[in-house]
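Chain residues, written in single-letter form:
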Amino acid sequence: MKFRDGYWGLKKGVYLSNPVELRDREGDGSKMTLYSATKRIGGRGGTLNSPLLTTEISSPFGDVIRVRTIHYRGHWDGGPSFVLEGGVSENVSLEDGEDEAVFTSGGLSVSIGKKDAPWELRFAQGGKYLTRSSGRLGGHMTVDAPHYQGYAPEGGVTYMCEYLALSVGETVYGLGERFTPFVKNGQPVDIWNEDGGTASELTYKNIPFYLSSRGYGVLVNDPGRVQFEVGSEVVSAVQFSVPGEVMDYYLIGGGSLKKVLENYTRLTGRPALPPSWSFGLWLTTSFTTSYDEKTVTGFIDGMRERDIPLHVFHFDCFWMKEYRWVDFQWDRDQFPDPEGMLKRLKDRGLSICLWINPYIAQKSPLFEEGMEKGYLVMTPAGHVWQWDKWQAGMGLVDFTNPGAVQWYREKLRALVRQGVDTFKTDFGERIPTDVVWHDGSDPMKMHNFYTYLYNKTVFELLEEELGRGRALVFARSATAGGQKFPVHWGGDCAATYESMAETLRGGLSLALSGFGFWSHDISGFESTATPDLYKRWIAFGTFSSHSRLHGNESYRVPWNFDGESCDVLRHFTKLKCALMPYIYAQAVKTHRTGVPMMRPMILEHGDDPACAGLDRQYYFGDSLLVAPLFSETGEVSYYLPPGEWTNFLTGERALGGGWRGERHDYFGLPVMVRDNTVILTGSVEDVPSYDYGDGVTVQVFGLKEGSPVEAELFDREGNPEALFTARRRDGRITVARKGSSQAKPWKVLFRTDPVSGGDLKKTGKGLLLEVPADKNSVEVTL
């Protein structure tokens, strides 16, 4: 929201009370409180008839500082609030110097000048300047006040507003899954969840958190409508505003972009570890297509006949009867024996997903039940809130009511006990504001926060029934903290290369907003892709944390496109299964640290200015640089950072430090590995969940002289199993393992180094050495 008329003035009808003079400071060992007048005080009379802004500075843990500025403390806040970790840490220091007061948490500090200095909060990490808040710009805003007495406006709408400075060349990222330009500088951003597809400024996942290239992040601690002006009002500042009388934000440091994300996800919650089976290939019925058990069985048989591994089958909306979403009852006309069908599917090794949403159609028997028990959201007039968008006469489950939460869970529990493994938690964005919530929550804040309660309800039910480490949802909407309940997918993209690119852009933006696991509809949801696009999107989908074939009005089975599509899907699905030792280790890292699996280039190369705006390539985990193809010509242009690299798929060598142009057939794309890297691959290529340690291959790329390179192996439950190290020293390479997998055979594949010794075998990928189970190290000569 823009308040200013240029830099110097304010828009007509806008009144600003900004901190001008620090009048008092208090400190209690864990918090610093500042009291600021909104004008220069010349004498005792100057303290009358004007606001006094209170700023509280505290820290939940090291390298994170909370800034809370209050105009009227008695202003009603009905919640909800973000679920944040940590209270008020006492492991902070307060220094009262001659010219300034400094509050420090870990390596992060904020300083404020004394009474006669211009009002300014200045943030630094380890002494390095990050950003500052100038008192001249921000503060308490009143808009459209009908009366102004010269010292305090009466009436109007009030906001609290903050401006944090942008340095020369500083770039801003995040703010949710945004499909607009990846670098947010110059953009106004409205944090308000909408069902808007992937081709506009609207988005399903709005997160009031941004990440700066200078090595800090900012979380605005308000689940309601937060409005950002990222260099789009004052070009040298990020401005953000919230309605009301309190501005509350966390400035998050750490010394690097990864450390900032680690601290942010420590504050808002780390993602759960998805089960290993979920990293395989998902196939769906699609949305408005016609399907029954025969259709489903035909798809599964067709995949098996063509030797295409399939691991999850998803039933979209019409597993229930029309006009009844949701009643959680199978359409017995199409699926007369759902229990038997699910058993038959699971006997074939498939996991099962069902579509759900939080709405209850009027024709559903659950509508009457929910209305009688008070489980549906109400209007101020005392009626059940209803409308005809999506489902005729639908109501909305009130997840602020504990009874409604349990009621909804029990309906899902019955399906899990039938054999369902997970749910696609669709929607959660169309949340009305002209309603009354059971717990009295502020409807404006509940609009965005509803998705957190919805997905938490479903995720925790799955954990109750299946156990920790075995639960996941497939969610479309989110707010801050929603990353705790993976997986999220990118919503309704279209079957075009442009939409494929905007989908990736949204996913990378979400990754820098703290979300670790992400997927998308391979080949696009709207319309039907050309065979060319379908095959290119398969490659992109493989190198995403989760891979799903799904669409709107047509089936997404590969033989509906062309014969080569079957070959391409088989090729990449088997490749992903073989990569599972690497992929699942990266998933565990994401679970433990909050660093996403799909990483924008800026996250791995924060000091390389060429990476600042790259949004058509990314890292898949620590070691694989991926550049999908976005053209029917088969051509791709991508940036390769300095170093020596190898294409993981072809073995082609490349020297980094610039842009590369390449052409690839449908079975290839740039998947680059930098020298001095070790990647673990498995011995199985038809399922994603297997004994990763049995026959694991240690792939070694261009070792440098010196310190060992490590790769950790986890089992299919996410438990540590073995640590592999490779070291080059004095003309020899030693590869060793230690851990509980020592009773299993393993292999070493030298992808680039010309080595000799042992029983090396020449393969199309490099020199292979098979190691017996009882041997824990090998040595070869360069």
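Higher on the page you've got the structure.
The model shown is predicted, which means the values in this text are computed figures rather than measured ones.

**Student:** Sorry if this is basic, but what is going on with the overall build of the chain here?
**Tutor:** Each helix and strand counted, the chain has 11 helices and 50 strands in total. What you see for the chain is a C-alpha radius of gyration of 28 Å, in line with the 28 Å of a compact globule of 782 residues. If you line up the chain on its principal axes, its C-alpha atoms span 90 × 70 × 45 Å. Among the 782 residues that make up the chain, the fraction classed as buried is 61%.

**Student:** I would appreciate a short explanation of unusual backbone geometry in the present structure.
**Tutor:** Trans peptide bonds make up most of the peptide bonds, and negative phi angles are found at most residues other than glycine. Residue Gly79 is joined to Pro80 through a cis peptide bond whose omega torsion reads 5 degrees. Within the fold, Pro80 resides in the loop between β7 (64-70) and β8 (92-96). Omega for the bond connecting Pro486 with Val487 falls within 30 degrees of zero, at 15 degrees, which places this linkage in the cis form. Locating Val487 in the fold gives a position in the loop between α6 (443-466) and β30 (488-489). In the Ramachandran plot, Ser286 falls in the positive-phi region, its phi being about 70 degrees despite a non-glycine side chain. Position of Ser286 among the secondary structure elements: in the loop between β24 (281-284) and α2 (293-305). Relative accessible area serves as the criterion here: at 0%, Ser286 is assigned to the buried category. Even without being glycine, Trp390 reaches a positive phi, approximately 75 degrees.

**Student:** Whenever I open this one, empty space enclosed by the protein confuses me. Can you help?
**Tutor:** Taken as a whole and assessed by the stated rule, the structure comprises 4 cavities of 30 Å³ or more. By volume, the largest cavity is sized at about 140 Å³. Taken together, 16 residues form the lining of the largest cavity, with Pro19, Thr69, Gly139, Cys161 and Glu162 sitting closest to its centre. Mapped by element, the contributors of at least two residues to the lining of the largest cavity are β6 (52-58), β12 (128-134), β16 (157-165) and β23 (246-252). Partitioning the lining of the largest cavity into residue classes produces 8 nonpolar, 7 polar and 1 charged. Size it by volume and the second largest cavity reaches roughly 80 Å³. Surrounding the second largest cavity, 13 residues form its lining, Leu281, Thr542, Ser547, Thr573 and Lys576 being those nearest its centre. Counting residues per element, the ones that place at least two in the lining of the second largest cavity are α8 (531-542) and α9 (563-578). Of the residues forming the lining of the second largest cavity, the biggest block, 5 residues, is contributed by α9. Grouping the amino acids of the lining of the second largest cavity by side-chain chemistry returns 7 nonpolar, 5 polar and 1 charged.

**Student:** Whenever I open this one, the packing of aromatic side chains confuses me. Can you help?
**Tutor:** The relation between two aromatic rings is expressed through the spacing of the ring centres and the mutual angle of the planes. For the structure shown, the criterion picks out 48 aromatic pairs. When the centroid spacing of 6.4 Å and the interplanar angle of 25 degrees are considered together, the rings of Phe287 and Phe525 count as stacked. Of this pair, Phe287 sits in the loop between β24 and α2 while Phe525 sits in the loop between β32 (521-522) and α8, and the two are 238 residues apart along the sequence. Of the two residues, Phe287 and Phe525, neither departs from the other in class, the shared state being buried. Geometrically, the ring pair formed by Trp330 and Phe335 is edge-to-face, given 5.4 Å between the ring centres and 70 degrees between the ring planes.

**Student:** Can you help me understand the sheet that holds strand β43 (residues 697-701) in this one?
**Tutor:** Hydrogen bonds between backbone groups are what pair the strands of a sheet, and the pairing can be parallel or antiparallel. Read from one edge to the other, the open sheet built from 5 strands follows the order β42-β43-β47-β49-β48, with strand pairing classed as mixed. Edge positions in the open sheet fall to β42 (677-681) and β48 (761-762), since each of these has one partner strand only. Bridging between β48 and strand β49 (residues 767-771) involves 2 bridges; their strand directions are antiparallel. What sits directly across from Lys762, in β49, is Leu767.

**Student:** Just to check I follow, could you spell out the sheet that holds strand β46 (residues 732-739) for this structure?
**Tutor:** Strand order across the open sheet formed by 4 strands is β44-β45-β46-β50, with antiparallel pairing between neighbours. One side of each edge strand has no neighbouring strand; the edge strands of this open sheet are β44 (709-714) and β50 (777-781). For this sheet, the mean inter-axis angle between neighbouring strands, taken without regard to orientation, is 15 degrees. In this sheet, strand β45 (residues 720-729) lies alongside β44 in antiparallel orientation, the contact comprising 6 bridges. Across the sheet, the residue bridging to Phe714 is Pro720, located in β45. Strand contacts of helix α10 (residues 580-593): β44 and β45, with the helix running at about 90 degrees to β44, the strand carrying the most contacts.

**Student:** What is the right way to look at helix α5 (residues 402-418) in this model?
**Tutor:** Structurally, the α-helix is built with 3.6 residues per turn, so residues lying three or four positions apart point the same way. For α5, with 17 residues, the first-to-last C-alpha span of 25 Å sits near the 24 Å given by 1.5 Å per residue. Every buried residue of α5 is accounted for by Ala404, Val405, Trp407, Tyr408, Arg409, Leu412, Arg413, Leu415 and Val416. In this structure, the buried side of α5 is in contact with β26 (351-356), α4 (365-373), β29 (422-425) and α6. Put simply, Asn401 is the residue that caps the front of α5, since its side-chain oxygen is 2.9 Å from the backbone nitrogen of Gly403. Following α5 by one or two positions, Gly419 has its phi on the positive side, about 130 degrees.

**Student:** I tried to follow the nonpolar core on my own but got confused; where do I start?
**Tutor:** One recurring pattern in soluble globular proteins: nonpolar side chains tend to sit buried together. Phe315, Phe423, Phe543, Leu624, Phe648, Val735 and Val748 are the most contacted members of the largest nonpolar core, which has 193 residues in total. For this core, the element with the highest residue contribution is α6, accounting for 10 residues. What Phe315 contacts, discounting residues up to four positions off in sequence, is Thr285, Val296, Trp330, Phe335, Met341, Leu345, Ile352, Cys353, Leu354 and Trp355. In this structure, Leu34, Val189, Val226 and Phe228 belong to the second largest nonpolar core, which totals 36 residues.

**Student:** How should the pairing of β16 be read in this particular structure?
**Tutor:** In the case of a regular strand, side chains alternate between the two sheet surfaces. For β16, a buried count of 8 out of 9 residues is recorded, marking the element as mostly surrounded by other parts of the structure. Where strand β13 (residues 139-143) and β16 come together, 5 bridges link them in antiparallel fashion. Bridge pairing in β16 places His140 opposite Met160. Relative to strand β22 (residues 237-243), β16 is paired through 7 bridges, and the arrangement is antiparallel. Bridging across to β22, Glu162 finds its partner in Phe240.

**Student:** What is the right way to read the environment of Arg732 from this model?
**Tutor:** With respect to the element layout, Arg732 can be found in strand β46. Spatially, the C-alpha atoms of Arg732 and Val755 are 8.5 Å apart, while their sequence positions differ by 23 residues. Other than its neighbours up to four places away in sequence, Arg732 contacts Arg727, Glu779, Val780, Thr781 and Leu782. A polar contact of 3.4 Å, which involves the side chain of Arg732, links it to the side chain of Thr781.

Parameters and conventions
Along each chain, numbering runs from 1 in the same order as the chain's sequence is written. A pLDDT threshold of at least 70 governs which residues receive local features in this predicted model, and a stricter bar of 80 or more applies before side-chain atom pairs are shown or counted, although totals over entire chains, interfaces and linings include all residues. Processing note: side-chain calculations cover all non-hydrogen atoms of the structure and skip hydrogens and water entirely. Secondary structure is summarised from DSSP: a helix means a run of H or I of at least four residues, a strand means a run of E of at least two, and numbering begins at the N terminus for each. As defined in this context, the radius of gyration uses C-alpha atoms, and a globule is described by 2.2 Å times the residue total to the power 0.38. Under the scheme applied here, a residue whose accessible area is under 20% of the maximum for its type counts as buried, over 50% as exposed, and between as partly exposed, the area being computed with a 1.4 Å probe on protein chains only. Grid points spaced at 1 Å and placed over the protein atoms alone form the basis of the search, with a cavity being a set where a 1.4 Å probe fits but cannot get out and a pocket an open set showing protein on both sides within 12 Å along at least five of seven lines. Lining residues have an atom within 4 Å of a point. Grid points are joined across faces, edges and corners, and a volume is the space filled by probe spheres set on the points. Ten residues, namely Ala, Val, Leu, Ile, Met, Phe, Trp, Tyr, Cys and Pro, are considered nonpolar, four, namely Asp, Glu, Lys and Arg, are considered charged, and the remaining ones, Gly among them, are considered polar. For Phe, Tyr and Trp, rings pair up if their centres lie within 6.5 Å, where Trp contributes its six-membered ring, and each pair is then called stacked (planes under 30 degrees apart), edge-to-face (over 60) or tilted (otherwise). Strand pairing is assigned whenever DSSP detects at least two bridges linking the two strands. Axis lines are fitted to C-alpha atoms, over the contacting stretch for helices. Their N-to-C directions set the angle, which ranges from 0 to 180 degrees. Note on contacts: a residue pair is in contact if any heavy atoms of the two residues lie within 4.5 Å. Helix span is expected to be 1.5 Å times the residue number reduced by one. Polar contacts, as used here, are pairs of N or O atoms within 3.5 Å; protein pairs need one atom able to donate a hydrogen and one able to accept it. Residues neighboring in sequence count only if both atoms are side-chain atoms. The nonpolar core is taken to be a set of buried Ala, Val, Leu, Ile, Met, Phe, Trp, Tyr and Cys residues, with the residues joined through side-chain atoms within 4.5 Å.

The quantities given are spatial measurements derived from coordinates; they are silent on function.
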